[in-house]
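What follows is each chain in one-letter form.
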Amino acid sequence: KDDGDQYRPHCDGECHGGGYRRGRRIATSLTYCLVGDKGGYTSFDRAGLKVVPKRRMMLFFGYKINGDPPAMDNGQTEHSGCPLR
């Protein structure tokens, strides 16, 4: 909202690997209602990905990895919000 605002690196759900347990958070969605003139990117540093927001865009990412047995993300969904400028 204001210049310099940001979110430090964090995980919304389980992102340290391990087995999936029913009832745990498995996904996140972000909707960019407004965007700054500069900055405000969502960065997934461990995955080497930076998402440049556009007004009315939605970003969706999940933590559950299908397999046998199902597992949870091992850190690739750790993300941060880059400072607005």
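Notes on the structure follow. (Residues numbered from 1 in each chain as written. Predicted model: local features only at pLDDT ≥ 70, side-chain atom pairs only at ≥ 80, totals over all residues. Heavy atoms only, no water.)

Per the stated rule, a full pass over the model turns up two salt bridges. Across the salt bridge formed by Glu14 and Arg24, the nearest N and O atoms sit 3.3 Å from each other. Here Glu14 is found in the loop between strand 1 (7-10) and strand 2 (27-32), whereas its partner Arg24 is found in the loop between strand 1 and strand 2, with 10 residues between them in sequence. Overall, the relative accessible area of 34% leaves Arg24 in the partly exposed class. Glu78 is the salt-bridge partner of Arg46, the closest N and O atoms lying 3.4 Å from each other. (Salt bridge = Lys/Arg side-chain N within 4 Å of Asp/Glu carboxyl O. Helix = DSSP H or I, 4+ residues; strand = E, 2+ residues; numbered from the N terminus. Buried < 20%, exposed > 50% of the residue type's maximum accessible area, 1.4 Å probe, protein only.)

Attention shifts here to the sheet that holds strand 3 (residues 42-44). Taken together, the four strands give an open sheet; going across it, the order is 1-8-3-4, and neighbouring strands pair in antiparallel fashion. Looking along the sheet, the strands with just one partner apiece sit at the ends: strand 1 and strand 4 (49-51). Neighbour-to-neighbour, the strand axes of the sheet open up by a mean angle of 15 degrees, direction not taken into account. Two elements, strand 1 and strand 8 (residues 79-81), share two bridges in a ladder whose sense is antiparallel. The residue of strand 8 that forms the bridge with Tyr7 is Gly81. (Pairing = 2+ DSSP bridges. Axes fitted to C-alpha atoms, helices over the stretch in contact; angles between N-to-C directions.)

Attention now goes to the packing of aromatic side chains. All told, the structure shown has two aromatic pairs when counted by the stated rule. Centroid distance Phe44 to Phe61: 5.0 Å. Interplanar angle 85 degrees. Geometry classified as edge-to-face. Here Phe44, found in strand 3, pairs with Phe61, found in strand 5 (residues 57-62); they are 17 residues apart in sequence, far enough to count as distant. Judged by its relative accessible area of 5%, Phe44 is buried. Look at Phe61 and Tyr63: their rings are 6.0 Å apart centre to centre, the planes differ by 85 degrees, and that puts the pair in the edge-to-face class. Here the aromatic residues Phe44, Phe61 and Tyr63 are joined through ring pairs into a cluster of three or more. The cationic tip of Lys50 hangs over the ring face of Tyr41; the distance from NZ or CZ to the ring centre is 4.5 Å. (Phe/Tyr/Trp six-rings, centres within 6.5 Å; stacked < 30°, edge-to-face > 60°. Lys NZ or Arg CZ within 6 Å of the ring centre and 35° of its normal.)

These values are about where atoms sit, not about what they do.
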